[in-house]
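Analysis of the macromolecular model
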Amino acid sequence: MPGKHGKRGTNTVLTHSGYNPRDFYGFVNPPVVHASTVLYPDAHTLATRNQKYTYGTRGTPTTDALNQAMNELEGAAGSLVVPSGLAAVTIPLLAFLSSGDHLLITDAVYGPTRQFCDGMLSRMGVEVEYYDPLIGAGISKLMKPNTRVVFTESPGSNTFEIQDIPAIANAAHAGGAVVMMDNSWATPLYFRALDFGVDISIHAATKYIAGHSDILAGTISANAATWERLEKAYQQLGCCSGPDDVYYTLRGLRTLGVRLEAHRKNALEIARWLHTQPGVDSVLHPALEDFPGHALWKRDFNGSSGLFSIVLDGGGKEKAHAFLDALEIFGMGYSWGGYDSLAVRVYLEDRKASRTDYAGTLIRLQIGLEDVEDLKADLARGLEAAVNA
Ligand SMILES: *Cc1c(COP(=O)(O)O)cnc(C)c1O
């Protein structure tokens, strides 16, 4: 459950950070600044660029408000907003990796992140190595003199392995590497990545932060040791977001606390119930006591969000398709973190360094803000269809 962020409670920080009404004639929200050109008052200022705003790509009152809020939530030296969660992954990797460098990346990583590493990074001469998400301090054995970045994502995409982030960060720092984390599942409310040794915390703000299935956005928050280099790369790449998306991301952030608590509660109740249902082999949810990563989750996280997977009792495509086709409230579609419940089949064919020997097909569930009893009835329909398939 969200606790404190510094002296103030988390919900107060969410509502009052990046909040500067006196700068905007008293209006509580920042203006949505559509901007390329910024004028300078005289030739001397034009030559020195010595004023707060200098060009649309270099920040506006709208991006400042969101970035300030993210700085406070993450305890970061600097934050950036970018056009998608995937851009929030690729920009830090491009900022820190060069030809000849070695990248260690968790095998339970978000699929498009893997495609970027296997595609563009490999083509540019970066040596990409996948490690078991459960490796913990053992990662020190994989560190090489040229290991520049250790990339984490916890819980892992689709299979929800909890990583021992402090142990991994210690080993990575001992070898001189920068630690990045895709922290989208927990948000800064349930995991303050920088407090656990992560240098750069990444969010697909498309998910819980924007929260309404209508925006693509990413945020990147960096500590003092990595901020300058990250910011320089961001400027060189020109990956700035449009003002409306930035505004809607900030608007979503204001209500993140109450929404996430509802996702947490609904999802946990449904996960516990699914655990007892025929047709379900197991439930991959970090807050369930018998989940393998539960103890680590309990040690480090403040809560569990609304995304988890179930392992169907056997079956391949037939059972999975029967389950999905019987659902009436859950939509079949990618992404998560919005108000609506979603279900997709999980494929693990690309995994190289983590377990894939589950007893049946995996289905990933995003639990939305609907009434729990309706969602249970819908899932019961799916399970009945799967059992009979
Ligand atoms: C969705 C997702 C992303 C990418 O976000 P987009 O805004 O869709 O590009 C990154 N990481 C994780 C874990 C995600 O689930």
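Computed from a predicted structure; not experimentally measured. (Residues numbered from 1 in each chain as written. Predicted model: local features only at pLDDT ≥ 70, side-chain atom pairs only at ≥ 80, totals over all residues. Heavy atoms only, no water.)

**Examining the pairing of strand β14 (residues 362–366)**
Among the 5 residues that make up β14, 5 are buried, leaving the element largely enclosed by the rest of the structure. Side chains Leu362, Arg364 and Gln366 project from β14 onto one buried face, and the interleaved Ile363 and Leu365 project onto a second face that is buried too. Relative to β14, strand β11 (residues 307–312) runs antiparallel, the two being bridged by 5 bridges. Across the sheet, residue valine 311 finds its bridge partner in β14, namely leucine 362. One ladder, built from 5 bridges, connects strand β13 (residues 342–346) with β14; its direction is antiparallel. The residue of β14 that forms the bridge with leucine 342 is glutamine 366. (Buried < 20%, exposed > 50% of the residue type's maximum accessible area, 1.4 Å probe, protein only. Helix = DSSP H or I, 4+ residues; strand = E, 2+ residues; numbered from the N terminus. Pairing = 2+ DSSP bridges.)

**Looking at the nonpolar core**
Counting 81 residues, the largest nonpolar core has Leu253, Leu274, Phe308, Ile310, Phe323 and Leu365 as the members making the most contacts within it. Here this core gets 8 residues from one element, more than from any other, and that element is helix α10 (residues 256–274). Composition of this core by domain shows at least three residues from each of domain 1 (4–254) and domain 2 (256–387). Once residues within four sequence positions are removed from consideration, phenylalanine 323 is found in contact with Ile310, Leu312, Ile363, Leu379, Gly382, Leu383 and Ala386. (Core = buried A, V, L, I, M, F, W, Y, C linked by side-chain atoms within 4.5 Å. Domains from an automatic or database assignment. Contact = heavy atoms within 4.5 Å.)

**So, the packing of aromatic side chains**
Tallying each qualifying case throughout the model produces 5 aromatic pairs. Relative to tryptophan 336, the ring of tyrosine 208 has its centre 5.4 Å away and its plane inclined at 70°; by these criteria the two rings are edge-to-face. Of this pair, tyrosine 208 sits in the loop between β8 (200–204) and β9 (218–222) while tryptophan 336 sits in the loop between β12 (331–332) and β13, and the two are 128 residues apart along the sequence. Grouping residues by exposure puts tyrosine 208 and tryptophan 336 together as buried. A ring pair is formed by tyrosine 247 and tyrosine 248, whose centres lie 5.8 Å apart and whose planes are at 70°; its orientation type is edge-to-face. For tyrosine 248, a relative accessible area of 39% puts it in the partly exposed group. (Phe/Tyr/Trp six-rings, centres within 6.5 Å; stacked < 30°, edge-to-face > 60°.)

**A word on the site of the ligand**
Around the ligand, the neighbouring residues are Ser84, Gly85, Leu86, Tyr110, Glu153, Ser157, Asp182, Ala204, Thr206, Lys207, Leu216 and Trp336. A distance of 2.7 Å separates an oxygen atom of the ligand from a polar atom in the side chain of lysine 207. One of the side-chain N or O atoms of tryptophan 336 is found 3.0 Å from an oxygen atom in the ligand. Coverage of the ligand by the protein chains reaches 89% of its 380 Å² of free accessible surface. Counted by class, the shell around the ligand contains 5 nonpolar, 4 polar and 3 charged residues. (Near = heavy atom within 4 Å. Polar contact = N/O pair within 3.5 Å; in protein donor to acceptor, adjacent residues only side chain to side chain. Areas by Shrake-Rupley, 256 points an atom, 1.4 Å probe, with all protein chains shown as cover. Nonpolar A, V, L, I, M, F, W, Y, C, P; charged D, E, K, R; others polar.)

**With respect to helix α6 (residues 165–174)**
Those residues of α6 that sit buried are Ile165, Ala167, Ile168, Ala169, Ala171 and Ala172. Contact partners of the buried residues in α6: β5 (127–131), β6 (147–153) and β7 (178–182). Backbone geometry just downstream of α6 places glycine 176 in the positive-phi region, at approximately 80°.

**Observations regarding the sheet that holds strand β3 (residues 78–82)**
Judged by pairing direction, the sheet is mixed, and its 7 strands sit side by side in the order β3-β9-β8-β7-β6-β4-β5 without closing on themselves. The sheet is open, and its two edges are formed by β3 and β5, each paired on a single side. The mean angle between the axes of side-by-side strands here comes to 20°, regardless of whether they run parallel or antiparallel. Here β6 pairs with β7 via 5 bridges, running parallel. Residue pairing across strands places threonine 152 opposite methionine 181, the latter belonging to β7. Sheet contacts for helix α3 (residues 61–74): β3, β8 and β9; angle to β3, the most-contacted strand, approximately 130°. (Axes fitted to C-alpha atoms, helices over the stretch in contact; angles between N-to-C directions.)

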